[in-house]
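Here is what each chain is made of, one letter per residue.
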Amino acid sequence: MKRIFGYLIPAIILIGIFAGIAYKLRSNKKTAQERVYQFDKSEVVPFKNDSILSASPKTANGTLQLTGTFEPNRDTKISAELQGKITRVFVDAGSLVAQGQTLIKLDNSLLQLQLQSIDVQIQGFQADVNRYTILEKADAVQGVQLEKAELGLKSTQAQRAIIREQINKTTIKAPFGGVVAAKLSEAGAFAAPGVPLLQIIDISKLKFTVNVPEKDLKYFQMGRNYKIVADAYPGTEL
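Okay, so let's go over this structure. (Residues numbered from 1 in each chain as written. Predicted model: local features only at pLDDT ≥ 70, side-chain atom pairs only at ≥ 80, totals over all residues. Heavy atoms only, no water.)

**A short note on the overall build of the protein**
Piece 1. From N to C terminus, the protein includes three helices and eleven strands.
Piece 2. Among the 238 residues that make up the protein, the fraction classed as buried is 23%.
Piece 3. In the protein, of all internal contacts separated by at least 6 residues, the share reaching a separation of at least 24 is 71%.
Piece 4. Per element, the accessible surface of the protein, about 17400 Å² overall, is 56% carbon and sulfur. (Helix = DSSP H or I, 4+ residues; strand = E, 2+ residues; numbered from the N terminus. Buried < 20%, exposed > 50% of the residue type's maximum accessible area, 1.4 Å probe, protein only. Contact = heavy atoms within 4.5 Å. Areas by Shrake-Rupley, 256 points an atom, 1.4 Å probe, with all protein chains shown as cover.)

Dropping the structure here:
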(Lines give C-alpha, C1' and ligand atoms only; values in the text may rest on other atoms or scores of the structure.)
Protein backbone atom coordinates (compact mmCIF):
# COMPACT_ATOMS: atom_id res chain seq x y z
CA MET A 1 0.00 0.00 0.00
CA LYS A 2 2.82 2.37 0.83
CA ARG A 3 4.49 1.46 -2.44
CA ILE A 4 1.31 2.36 -4.43
CA PHE A 5 0.97 5.61 -2.49
CA GLY A 6 4.60 6.37 -3.22
CA TYR A 7 4.00 6.03 -6.97
CA LEU A 8 0.79 8.03 -6.83
CA ILE A 9 2.27 11.25 -5.43
CA PRO A 10 4.82 11.78 -8.28
CA ALA A 11 2.11 10.97 -10.83
CA ILE A 12 -0.17 13.63 -9.35
CA ILE A 13 2.70 16.14 -9.39
CA LEU A 14 3.44 15.38 -13.06
CA ILE A 15 -0.22 15.75 -14.00
CA GLY A 16 -0.30 19.11 -12.24
CA ILE A 17 2.84 20.27 -14.08
CA PHE A 18 1.42 19.24 -17.49
CA ALA A 19 -1.87 20.96 -16.67
CA GLY A 20 0.00 24.15 -15.78
CA ILE A 21 2.00 24.03 -19.03
CA ALA A 22 -1.17 23.51 -21.10
CA TYR A 23 -2.88 26.43 -19.40
CA LYS A 24 0.16 28.67 -20.03
CA LEU A 25 0.27 27.70 -23.72
CA ARG A 26 -3.43 28.48 -24.16
CA SER A 27 -2.92 31.81 -22.43
CA ASN A 28 0.06 32.71 -24.66
CA LYS A 29 -1.87 31.72 -27.80
CA LYS A 30 -4.77 33.93 -26.81
CA THR A 31 -2.43 36.86 -26.11
CA ALA A 32 -0.69 36.40 -29.47
CA GLN A 33 -3.97 36.29 -31.34
CA GLU A 34 -5.06 39.51 -29.67
CA ARG A 35 -1.85 41.22 -30.78
CA VAL A 36 -2.09 40.08 -34.42
CA TYR A 37 -3.99 42.45 -36.71
CA GLN A 38 -7.06 40.73 -38.18
CA PHE A 39 -8.10 42.25 -41.50
CA ASP A 40 -11.82 42.99 -41.78
CA LYS A 41 -12.96 43.21 -45.40
CA SER A 42 -16.04 45.16 -44.38
CA GLU A 43 -13.98 47.84 -42.69
CA VAL A 44 -13.27 50.94 -44.80
CA VAL A 45 -9.70 52.15 -44.37
CA PRO A 46 -9.37 55.95 -44.76
CA PHE A 47 -6.74 57.06 -47.31
CA LYS A 48 -5.30 60.54 -47.69
CA ASN A 49 -3.95 61.25 -51.17
CA ASP A 50 -1.39 64.07 -51.13
CA SER A 51 -1.67 64.48 -54.88
CA ILE A 52 0.33 67.12 -56.73
CA LEU A 53 -1.48 66.94 -60.04
CA SER A 54 -4.86 68.07 -61.25
CA ALA A 55 -5.41 67.09 -64.86
CA SER A 56 -8.19 67.61 -67.34
CA PRO A 57 -10.45 66.32 -68.76
CA LYS A 58 -12.89 66.56 -65.92
CA THR A 59 -14.27 63.40 -64.44
CA ALA A 60 -17.78 62.90 -63.15
CA ASN A 61 -16.56 63.73 -59.65
CA GLY A 62 -14.52 66.78 -60.66
CA THR A 63 -10.85 67.26 -61.52
CA LEU A 64 -8.79 64.13 -61.75
CA GLN A 65 -6.29 63.90 -58.90
CA LEU A 66 -3.06 62.00 -59.61
CA THR A 67 0.36 61.76 -58.02
CA GLY A 68 3.53 62.57 -59.93
CA THR A 69 7.06 63.92 -59.57
CA PHE A 70 9.10 66.69 -61.15
CA GLU A 71 12.39 65.49 -62.61
CA PRO A 72 15.40 67.32 -64.12
CA ASN A 73 15.48 67.65 -67.88
CA ARG A 74 18.88 65.93 -67.83
CA ASP A 75 20.68 64.15 -65.03
CA THR A 76 24.07 62.46 -65.32
CA LYS A 77 26.91 61.22 -63.15
CA ILE A 78 30.31 62.08 -64.59
CA SER A 79 33.23 59.67 -64.38
CA ALA A 80 36.71 59.57 -65.87
CA GLU A 81 37.49 57.64 -69.05
CA LEU A 82 41.05 56.96 -67.87
CA GLN A 83 42.61 55.92 -64.58
CA GLY A 84 44.57 58.57 -62.80
CA LYS A 85 45.08 60.70 -59.73
CA ILE A 86 42.81 63.72 -59.37
CA THR A 87 44.96 66.84 -59.17
CA ARG A 88 42.17 69.42 -58.95
CA VAL A 89 38.39 69.73 -58.73
CA PHE A 90 37.23 73.12 -60.01
CA VAL A 91 33.61 73.02 -58.79
CA ASP A 92 31.65 72.24 -55.65
CA ALA A 93 28.14 71.06 -54.87
CA GLY A 94 25.69 73.75 -55.93
CA SER A 95 28.00 75.31 -58.52
CA LEU A 96 26.49 76.47 -61.80
CA VAL A 97 28.41 75.12 -64.79
CA ALA A 98 28.29 75.79 -68.53
CA GLN A 99 28.63 73.23 -71.29
CA GLY A 100 32.31 72.52 -71.97
CA GLN A 101 33.48 74.01 -68.67
CA THR A 102 36.44 72.23 -67.05
CA LEU A 103 35.33 70.34 -63.95
CA ILE A 104 38.17 68.01 -62.96
CA LYS A 105 41.82 67.66 -63.89
CA LEU A 106 43.73 64.34 -63.72
CA ASP A 107 47.48 63.86 -63.49
CA ASN A 108 48.91 63.46 -67.02
CA SER A 109 52.63 63.84 -66.35
CA LEU A 110 53.41 60.29 -67.54
CA LEU A 111 51.45 60.82 -70.75
CA GLN A 112 53.33 64.05 -71.36
CA LEU A 113 56.64 62.15 -71.12
CA GLN A 114 55.35 59.55 -73.58
CA LEU A 115 54.37 62.35 -75.94
CA GLN A 116 57.87 63.81 -75.81
CA SER A 117 59.35 60.39 -76.61
CA ILE A 118 57.02 59.97 -79.60
CA ASP A 119 57.93 63.45 -80.86
CA VAL A 120 61.62 62.44 -80.87
CA GLN A 121 60.81 59.28 -82.87
CA ILE A 122 58.76 61.30 -85.35
CA GLN A 123 61.69 63.65 -85.90
CA GLY A 124 63.97 60.68 -86.57
CA PHE A 125 61.59 59.05 -89.06
CA GLN A 126 60.99 62.40 -90.78
CA ALA A 127 64.71 62.87 -91.22
CA ASP A 128 64.99 59.33 -92.65
CA VAL A 129 62.18 60.00 -95.11
CA ASN A 130 63.82 63.22 -96.29
CA ARG A 131 67.20 61.56 -96.67
CA TYR A 132 65.91 58.41 -98.40
CA THR A 133 63.77 60.51 -100.75
CA ILE A 134 66.88 62.29 -102.04
CA LEU A 135 68.91 59.08 -102.25
CA GLU A 136 66.09 57.18 -103.94
CA LYS A 137 65.85 59.81 -106.67
CA ALA A 138 69.57 59.41 -107.26
CA ASP A 139 69.22 55.61 -107.31
CA ALA A 140 71.58 55.44 -104.33
CA VAL A 141 69.25 53.33 -102.16
CA GLN A 142 66.47 50.87 -102.77
CA GLY A 143 62.92 52.14 -102.69
CA VAL A 144 62.03 49.68 -99.92
CA GLN A 145 64.11 51.66 -97.43
CA LEU A 146 62.11 54.79 -98.18
CA GLU A 147 58.87 52.84 -97.75
CA LYS A 148 59.99 51.52 -94.34
CA ALA A 149 60.85 55.05 -93.20
CA GLU A 150 57.47 56.36 -94.38
CA LEU A 151 55.60 53.53 -92.63
CA GLY A 152 57.55 54.19 -89.42
CA LEU A 153 56.66 57.87 -89.64
CA LYS A 154 52.94 57.14 -90.10
CA SER A 155 52.94 54.63 -87.22
CA THR A 156 54.54 57.06 -84.76
CA GLN A 157 52.19 59.84 -85.87
CA ALA A 158 49.23 57.56 -85.10
CA GLN A 159 50.71 56.79 -81.67
CA ARG A 160 51.11 60.49 -81.06
CA ALA A 161 47.44 61.08 -81.90
CA ILE A 162 46.40 58.37 -79.42
CA ILE A 163 48.48 59.89 -76.63
CA ARG A 164 47.14 63.36 -77.39
CA GLU A 165 43.59 61.99 -77.11
CA GLN A 166 44.43 60.39 -73.76
CA ILE A 167 45.86 63.68 -72.51
CA ASN A 168 42.69 65.48 -73.56
CA LYS A 169 40.63 62.97 -71.57
CA THR A 170 42.52 63.87 -68.39
CA THR A 171 40.56 67.14 -68.49
CA ILE A 172 36.94 66.33 -67.62
CA LYS A 173 34.44 68.87 -68.91
CA ALA A 174 30.71 69.42 -68.43
CA PRO A 175 28.63 67.66 -71.10
CA PHE A 176 25.86 70.25 -70.66
CA GLY A 177 25.04 73.30 -68.60
CA GLY A 178 23.44 72.80 -65.22
CA VAL A 179 24.02 72.55 -61.50
CA VAL A 180 26.46 70.32 -59.63
CA ALA A 181 24.07 68.26 -57.52
CA ALA A 182 26.74 66.15 -55.81
CA LYS A 183 30.51 66.25 -55.45
CA LEU A 184 31.60 62.65 -55.05
CA SER A 185 35.39 62.97 -55.04
CA GLU A 186 38.19 65.29 -53.98
CA ALA A 187 41.67 66.23 -55.15
CA GLY A 188 44.16 63.49 -54.32
CA ALA A 189 41.66 60.68 -54.87
CA PHE A 190 42.07 58.06 -57.60
CA ALA A 191 39.72 58.21 -60.56
CA ALA A 192 38.76 55.11 -62.52
CA PRO A 193 36.36 54.46 -65.41
CA GLY A 194 32.81 53.92 -64.20
CA VAL A 195 33.37 55.50 -60.77
CA PRO A 196 31.18 58.65 -60.44
CA LEU A 197 33.04 61.84 -59.58
CA LEU A 198 30.31 64.47 -59.97
CA GLN A 199 26.57 64.58 -60.57
CA ILE A 200 25.17 67.32 -62.79
CA ILE A 201 21.50 68.07 -63.35
CA ASP A 202 19.86 70.40 -65.83
CA ILE A 203 16.85 72.12 -64.26
CA SER A 204 16.41 74.82 -66.90
CA LYS A 205 13.45 72.65 -67.89
CA LEU A 206 11.60 70.11 -65.77
CA LYS A 207 9.90 66.89 -66.78
CA PHE A 208 6.74 65.89 -64.95
CA THR A 209 6.15 62.17 -64.63
CA VAL A 210 2.78 60.90 -63.45
CA ASN A 211 1.65 57.35 -62.84
CA VAL A 212 -1.88 56.89 -64.13
CA PRO A 213 -3.81 53.97 -62.63
CA GLU A 214 -5.38 51.61 -65.13
CA LYS A 215 -8.88 52.64 -64.06
CA ASP A 216 -8.11 56.28 -65.02
CA LEU A 217 -6.64 55.58 -68.46
CA LYS A 218 -10.08 56.12 -69.97
CA TYR A 219 -9.73 59.86 -69.29
CA PHE A 220 -6.68 60.18 -71.57
CA GLN A 221 -6.08 59.78 -75.28
CA MET A 222 -2.83 59.25 -77.16
CA GLY A 223 -1.51 62.34 -78.93
CA ARG A 224 -3.49 64.88 -76.90
CA ASN A 225 -2.15 67.53 -74.56
CA TYR A 226 -3.61 68.06 -71.08
CA LYS A 227 -3.30 70.98 -68.72
CA ILE A 228 -2.07 70.24 -65.23
CA VAL A 229 -1.88 72.21 -62.00
CA ALA A 230 0.75 71.16 -59.47
CA ASP A 231 0.43 71.78 -55.73
CA ALA A 232 3.81 73.57 -55.87
CA TYR A 233 2.36 76.12 -58.34
CA PRO A 234 -1.39 76.21 -57.60
CA GLY A 235 -2.04 79.33 -59.69
CA THR A 236 -0.22 78.18 -62.82
CA GLU A 237 -1.48 75.86 -65.53
CA LEU A 238 1.23 73.73 -67.09
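**Digging into helix α2 (residues 109–137)**
In an α-helix, one full turn covers 3.6 residues, which means residues spaced three or four apart are oriented alike.
Piece 1. The first and last C-alpha atoms of α2 sit 43 Å apart over 29 residues, in line with the 42 Å expected at 1.5 Å per residue.
Piece 2. Those residues of α2 not exposed but buried are Leu111, Leu115, Ile118, Ile122 and Val129.
Piece 3. Those residues of α2 that are buried lie in contact with α3 (143–169).
Piece 4. Phi for Asp139, located one or two positions after α2, is positive at around 60°. (Expected span 1.5 Å × (residues − 1).)

**Some details on the pattern of salt bridges**
Piece 1. Counting across every chain of the model gives seven salt bridges.
Piece 2. Here Asp119 ties to Arg160 by a salt bridge, and the two come within 2.5 Å at their closest N and O atoms. Of this pair, Asp119 sits in helix α2 while Arg160 sits in helix α3, placing them 41 residues apart in sequence.
Piece 3. By relative accessible area, Asp119 is classed as partly exposed at 24%.
Piece 4. Given a relative accessible area of 30%, Arg160 falls into the partly exposed group. (Salt bridge = Lys/Arg side-chain N within 4 Å of Asp/Glu carboxyl O.)

**Here's the deal with the sheet that holds strand β3 (residues 68–79)**
In a beta sheet, neighbouring strands pair by backbone hydrogen bonds and run either parallel or antiparallel.
Piece 1. Taking strand neighbours across the sheet as the criterion, the four strands line up as β3-β10-β8-β5 in an open arrangement whose pairing is antiparallel. Each edge of the sheet is formed by a strand with only one pairing partner; in this case those strands are β3 and β5 (96–97).
Piece 2. Pairing of β3 with strand β10 (residues 196–210) involves eleven bridges; the strand directions are antiparallel. If you follow Asp75 over to β10, its bridge partner there is Ile201. (Pairing = 2+ DSSP bridges.)

**With respect to the nonpolar core**
The nonpolar side chains of soluble globular proteins are, as a tendency, buried together.
Piece 1. Core analysis: the largest hydrophobic core is formed by 17 residues, its most contacted members being Ile86, Val97, Leu103, Ile104, Leu197 and Ile200.
Piece 2. Only β4 (84–89), β6 (102–106) and β10 provide two or more residues apiece to this core.
Piece 3. With residues up to four places along the chain from it excluded, the contact list for Ile200 reads Arg74, Asp75, Thr76, Ile78, Val97, Leu103, Ala174, Phe176, Gly178, Val179 and Ala181.
Piece 4. Grouped together as the second largest cluster of nonpolar side chains are ten residues, Leu111, Ile122, Ala149 and Ile163 included. (Core = buried A, V, L, I, M, F, W, Y, C linked by side-chain atoms within 4.5 Å.)

**Notes on the environment of Gln114**
Piece 1. If you trace the backbone, Gln114 turns up in helix α2.
Piece 2. Between the C-alpha atom of Gln114 and that of Arg164, which follows or precedes it by 50 residues, the distance is 9.8 Å.

**Digging into the side chain of Asp202**
Piece 1. Along the chain, Asp202 falls in strand β10.
Piece 2. For Asp202, a relative accessible area of 4% corresponds to the buried category.
Piece 3. For Asp202, the side chain forms a polar contact with the side chain of Ser204, separated by 2.7 Å.
Piece 4. In this structure, Asp202 is in contact with Pro72, Asn73, Arg74, Phe176, Gly177 and Gly178, ignoring residues within four places of it in sequence. (Polar contact = N/O pair within 3.5 Å; in protein donor to acceptor, adjacent residues only side chain to side chain.)

**Topic: the pairing of β4**
Piece 1. As judged from the two bridges shared by β4 and strand β9 (residues 190–191), these two strands associate in the antiparallel manner. The residue bridging Lys85 from the neighbouring strand is Phe190, located in β9.
Piece 2. Note: β4 against β6, three bridges, orientation antiparallel. Considered in β6, the bridge of Ile86 is made with Leu106.

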